[in-house]
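# Per-entry structural report
In case you want the letters, here they are:
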Amino acid sequence: MTDGTPTHDESDETDDEHDGPVDRDQLAHATRLLLDAIGEDPSRDGLVETWERRVPAAYEELTRGYREDERPTMRTFDADTDDLVVKTGIPVYSLCEHHLLPFHGVAHVAYRPDGEVVGLSKLARYVKWASRKLTVQERLTRDIAEGLDEAVAADAVAVELSTTHLCEAMRGVEAHTTTTSRATVGDLSADERDRFRDAIAAEH
């Protein structure tokens with residue numbers, strides 16, 4: 001068994017090893033314990049930097065959604081119309097809180113502006129930030145819809161997520177399926193719902 005003591009000089013750390021809001025020492029120790037528990041040797045050449053540097057850096061990146069100071073600034077602009085705004089095919093990468101395995105896919109977002117619109121790139125940045133935490137797909141879908149509704153001050157927001165869960169694909173039944181979830185804040189008209197569905201269908 002190992003005691004979690006570092007085994008090499010850390011002076012070769014790269015730029016991504018800055019002091020961050022996560023406890024990297026604790027993450028390193030936990031990762032070393034995990035490697036030890038599954039029968040690996042954390043001190044072997046291929047794994048030393050895994051637990052000392054790479055996994056802590058990865059989890060700092062993958063959990064940015066917990067940190068409010070990293071929430072994208074949703075700068076708005078005056079809108080000339082209240083026509084529906086649709087952004088489809090936004091990449092989503094998140095972590096299942098049940099197995100700590102990723103789920104990934106795409107998000108589709110639509111909102112009806114209330115006098116102001118936000119830059120389209122900000123929608124993608126918000127989805128990325130919101131998804132970087134331990135969660136379940138249904139909650140994430142709702143979080144994105146409610147968060148965008150608040151950030152954009154829209155009349156209505158609709159969000160659809162379609163993802164593949166590695167906790168299902170890599171274990172248990174090992175099924176490679178797609179899970180779709182939807183959330184709406186406010187009321188979209190029938191025509192707006194049709195336009196949103198048509199935009200999503202055009203992605204396929």
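Notes on the structure follow. (Residues numbered from 1 in each chain as written. Predicted model: local features only at pLDDT ≥ 70, side-chain atom pairs only at ≥ 80, totals over all residues. Heavy atoms only, no water.)

### Quick notes on the side chain of S131
Put simply, the rule is: Numbering of helices and strands starts at the N terminus; helices are DSSP runs of H or I of at least 4 residues and strands are runs of E of at least 2. Each residue's exposure class comes from its accessible area (1.4 Å probe, protein chains only) as a fraction of the maximum for that residue type: buried when under 20%, exposed when over 50%, partly exposed otherwise. Any two residues whose heavy atoms approach within 4.5 Å at even a single point are treated as in contact.
Assignment of secondary structure puts S131 in helix α3 (residues 120-131). Residue classification places S131 among the buried positions, given a relative accessible area of 1%. Discounting residues that sit within four places of it in the chain, S131 has contacts with V92, Y93, S94, L95 and L140.

### Some thoughts on the packing of α3 against helix α4 (residues 137-152)
The line we're drawing: A fitted line through C-alpha atoms serves as each axis, taken over the contacting stretch for helices, and the angle formed by two N-to-C directions is quoted from 0 to 180°. Under this scheme an angle from 65 to 115 degrees is roughly perpendicular, one under 35 degrees roughly parallel, and one over 145 degrees roughly antiparallel; angles in between are oblique. Handedness of a crossing follows from how the near helix is turned relative to the far one, being left-handed for an anticlockwise turn of less than a right angle and right-handed for a clockwise one.
Viewed as axis vectors pointing N to C, α3 and α4 meet at an angle of 135°, and their least axial separation amounts to 10 Å. Of the possible angle classes, the one that applies to α3 and α4 is oblique. Relative to α4, the crossing made by α3 is right-handed. Across the interface between the two elements, L123, Y126, V127, A130 and S131 from α3 touch L140, D143, I144, G147 and L148 from α4.

### Comments concerning the pairing of strand β2 (residues 85-96)
The condition is simple: If DSSP finds at least two bridges between two strands, the strands pair.
Sheet topology places β2 next to strand β3 (residues 102-112); nine bridges connect them, and they run antiparallel. Note on β3: the bridge partner recorded for K87 is V109. Here β2 folds back onto β3, and the loop between the two strands holds five residues, one of which, L100, carries a positive phi near 60°. Examined bridge by bridge, β2 and strand β5 (residues 134-135) share two bridges and lie parallel to one another. Bridging across to β5, L95 finds its partner in L134.

### Side note on unusual backbone geometry
If you check the backbone angles, A153 has positive phi at about 55° while not being a glycine. Inspection of the secondary structure assignment puts A153 in the loop between α4 and β6 (156-165). Judged by relative accessible area, A153 falls into the partly exposed class, the value being 46%. Here E174, not a glycine, exhibits a phi torsion of approximately 50°, which is positive.

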